[in-house]
Amino acid sequence: MPLVAVIPEPNRPVEVREVAEPDLERNSALLEVEVSEVCGTDVYLQQGRLAGVPYPLVPGHVSVGRLQKIRGELLDLDGKLFNEGDRITFLDVHRTCNACWYCLVAKAGTRCPHRKVYGITYGLDDGLCGGWSTHIYLKPGTRCIRLDAEPETFMAGGCALPTALHAVERGDINIGNTVLVLGSGPVGINAIVVAQMRGALRVLCIGAPERRLDAAHAAGAIATLNIETHDEAQRLKWVLEQTSGRGADVTIEATGAPEAVTQAMRFTRDAGTVVIVGQYTDHGSTEFNPHLDLNKKHLDVRGCWGSEFSHFYRAARIIEHRPEPWAQMKMISYGLEQANEALADVSEGRVIKALIRP
Ligand SMILES: [Zn+2]
Ligand SMILES: [Zn+2]
């Protein structure tokens, strides 16, 4: 019988439960989970801070495992059949419809109203749909990718890499740009790596705690500043010192703190670009001066919501072909029974990245 770690309802501890093995529909599969992850979103899911989440919920949106049972046919993007025993990962977003106004006219698949996300908007009542589980039910239409990278190395990118890749592309970084990353959690660290691939000459990072800033350095940031020991004025002064008094060409906000959005605008040069990717959950409002912080600066401020198959697919290929930045990232593994401990460690920033090994 499959075992799951479930959030019964918001603000309740995670419980391990035994659940029935699902009947497989045609062209679906059962995945034996090798490794899943704990990210900031999971912390917020436990705190009930995301709207539209069906509890009880088994978290874990990005996972790696082996196909234990396939019913019917499961094909990869090249049209090759998957076999039982293959190691795969899969896009957590399911049912982007490719038929609605947002998909077809706006070409904004991440805003498709029909999309569902494993481990976030699919609850336990929808089946075995989260990675904090010995097994995941891969519903028909789930997009799977054959994984040749080491599972741990792939999970070092995990859900953060496709998100970071999307944010960096939204930032339209030019070759030679100076990029400022606000936040040194997994999305921030991954953004540092991908910004360099995209052509950034120098990447700066403001975050905390110190061990995460060490990870930012290891990922290629040339200078970092600790948010815990520097207030907003000191941060601005530091950014200006690093950028000939102008500010960053592109700033990527990946913090989860609303006031960081205003700071991102102030730390960016006139006519620069700001990408907001760290406000995936609602942490409230913030104030800015529309004249000074936005209009007069001639800024381009862009939101960035979720990711699509293209980001996920390229994330997997990047880690397969250039694993170095991820292979050196420090991660800690937890069993299903240790899920509460894992959530607390992620919440407190005691780990760079937490993995769940069911
Ligand atoms: Zn759609
Ligand atoms: Zn995540």
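In this text, all values refer to a predicted model and were calculated from it rather than measured experimentally. (Residues numbered from 1 in each chain as written. Chains lettered and ligands numbered in written order. Predicted model: local features only at pLDDT ≥ 70, side-chain atom pairs only at ≥ 80, totals over all residues. Heavy atoms only, no water.)

Focus on helix α7 (residues 232–242)
Filter applied, for reference: Buried residues are those whose accessible area, probed at 1.4 Å on protein chains only, stays under 20% of the maximum for their type, while exposed residues exceed 50% and partly exposed ones sit between those limits. Secondary structure follows DSSP: runs of H or I at least 4 residues long count as helices, runs of E at least 2 residues long count as strands, and numbering of each begins at the N terminus. To be clear, the arc concerns the directions from the helix axis to the C-beta atoms. Contact between two residues is taken to exist if any of their heavy atoms lie within 4.5 Å; hydrogens are not considered.
Within α7 the residues assigned to the buried category are Arg-235, Trp-238 and Val-239. The buried residues of α7 all sit within an arc of 100° when viewed along its axis, so they share a single face. The exposed residues of α7 that point more than 90 degrees off its buried face are Ala-233, Lys-237 and Glu-241. Summarising the contacts, the buried residues of α7 are in contact with β10 (178–182), β11 (202–207), β12 (223–226), β13 (248–253) and α8 (259–266). Remark: Ser-244 follows α7 within two positions and exhibits a positive phi of approximately 55°.

Observations regarding unusual backbone geometry
Cis geometry marks the peptide bond from Tyr-55 to Pro-56, where omega comes out at -5°. Following the sequence through the fold, Pro-56 ends up in the loop between α1 (40–46) and β4 (64–71). Of note, the amide linkage connecting Ala-208 to Pro-209 takes the cis form, showing an omega dihedral of -10°. Looking at where Pro-209 falls in the secondary structure, it is placed in the loop between β11 and α6 (210–218). For Ala-271, which is not glycine, the phi torsion reads 65° and is therefore positive. With respect to the element layout, Ala-271 can be found in strand β14 (residues 268–276).

Considering the sheet that holds β10
Here is the rule we go by: The criterion for strand pairing is that DSSP finds at least two bridges linking the strands in question. Axes here refer to lines fitted to C-alpha atoms; in helices the fit is confined to the stretch in contact. Angles between the N-to-C directions go from 0 to 180 degrees.
Spatial ordering of the open sheet is given by β12-β11-β10-β13-β14-β15, a layout of six strands whose pairing is parallel. The sheet terminates laterally at β12 and β15 (300–303), the two strands that pair on one side only. Sheet twist, expressed as the average angle between the axes of neighbouring strands with direction ignored, equals 15°. Across the face of the sheet, α6 comes into contact with β11 and β12 while running at roughly 165° to β12. Lying on the sheet, α7 is in contact with β10, β11, β12 and β13; it crosses β11 at an angle near 170°.

Regarding the coordination of the zinc ion (ligand 2)
For the record, the criterion: In this description, a donor is an N, O or S atom within 2.8 Å of the metal centre, a cutoff extended to 3.2 Å for sodium, potassium and calcium. Water is not part of the atom list, which can make sites seem incomplete.
Those donors, Cys-39 (SG), His-61 (NE2) and Cys-159 (SG), are the protein atoms that reach the zinc ion (ligand 2), and they lie 2.0 to 2.2 Å from it. Read from N- to C-terminus, the donor residues coordinating the zinc ion (ligand 2) fall into the pattern C-x21-H-x97-C. Taken together, the positions of Cys-39 in the loop between β3 (28–38) and α1 and Cys-159 in the loop between α3 (151–157) and α4 (160–170) put the pair 120 residues apart, joining distant regions of the chain. Classification of Cys-159 by relative accessible area gives buried; the value is 13%.

Observations regarding the coordination of the zinc ion (ligand 1)
Six octahedral donors at a metal ideally form angles of 90 or 180 degrees, and four tetrahedral donors ideally form angles of 109.5 degrees. Applied cut-off: Note on geometry labels: four donors, all angles 85 to 135 degrees, give tetrahedral; four donors become square planar and six octahedral when opposite donors are over 155 degrees apart and every other angle is between 65 and 115; remaining cases are irregular.
Here the zinc ion (ligand 1) is held by Cys-97 (SG), Cys-100 (SG), Cys-103 (SG) and Cys-112 (SG), and the distances to it run 2.3 to 2.4 Å. Bound by four donor atoms, the zinc ion (ligand 1) shows angles of 103 to 117° at the metal and therefore tetrahedral coordination geometry. Exposure remark for Cys-97: the relative accessible area of 27% places this residue in the partly exposed category. According to the relative accessible area criterion, Cys-100 is buried, its value standing at 12%.

Considering the packing of aromatic side chains
To keep it simple, the criterion reads: Between the rings of Phe, Tyr and Trp (Trp by its six-membered ring), a pair exists once the centres lie within 6.5 Å; its type follows the angle of the planes, with under 30 degrees stacked, over 60 edge-to-face, and the other angles tilted.
One pass over the structure, following the stated rule, counts six aromatic pairs. Ring centres of Trp-101 and Tyr-102 lie 5.2 Å apart, and the angle between their planes is 85°; on these two criteria the pair is classed as edge-to-face. Of the residues examined, Trp-101 reaches a relative accessible area of 55% and is grouped as exposed. When the centroid spacing of 6.1 Å and the interplanar angle of 90° are considered together, the rings of Phe-154 and Phe-312 count as edge-to-face. Placement of Phe-154 in helix α3 and of Phe-312 in helix α10 (residues 309–321) is noted, with a sequence separation of 158 residues between them. In terms of burial, Phe-154 and Phe-312 fall into one category: buried. Taken together, the aromatic side chains of Phe-90, Tyr-118 and Tyr-122 make up a single cluster linked through ring pairs.

Thoughts on the packing of α4 against helix α5 (residues 186–197)
When two helices pack together, their arrangement is given by the angle between the helix axes and by the axis-to-axis distance. Condition: Each angle is binned into one of four classes, with values under 35 degrees roughly parallel, values over 145 roughly antiparallel, values of 65 to 115 roughly perpendicular, and all other values oblique. Working rule for handedness: look at the near helix, and if it is turned counterclockwise from the far one by less than a right angle, call the crossing left-handed; if clockwise, right-handed.
Between α4 and α5, the shortest axis-to-axis distance is 8 Å and the interhelical angle comes to 55°. With respect to each other, α4 and α5 are oriented oblique. Here α4 runs over α5; the crossing is right-handed. Touching Ala-160, Leu-161, Thr-163, Ala-164, Leu-165 and Val-168 of α4 are Pro-186, Val-187, Asn-190, Ala-191, Val-194 and Ala-195, all from α5.

Some points on the pattern of salt bridges
Quick reminder of the rule: For salt bridges, the criterion is a side-chain nitrogen of Lys or Arg within 4 Å of an Asp or Glu carboxyl oxygen.
The full count for this structure, using the stated rule, is 21 salt bridges. Across the salt bridge formed by Glu-15 and Arg-12, the nearest N and O atoms sit 3.2 Å from each other. The class for Glu-15 is partly exposed, based on a relative accessible area of 28%. With a closest N to O distance of 2.9 Å, Asp-86 and Arg-146 form a salt bridge. In this pair, Asp-86 is assigned in the loop between β4 and β5 (87–90) and Arg-146 in strand β9 (residues 144–146), connecting sequence segments 60 residues apart. There is no split in this pair, since Asp-86 and Arg-146 are both buried. Here the salt bridges share partners, and the residues they tie into one network are Glu-9, Arg-12, Glu-15 and Arg-17.

Here we look at the state of the cysteines
Inclusion rule: Cysteine sulfur atoms are paired as a disulfide whenever they come within 2.5 Å of each other.
Tallied over the entire structure, the rule returns zero disulfides. Unpaired in this structure, Cys-205 has its nearest cysteine sulfur neighbour in Cys-304, at a distance of 17 Å. The class of Cys-205 is buried, set by a relative accessible area of 0%.

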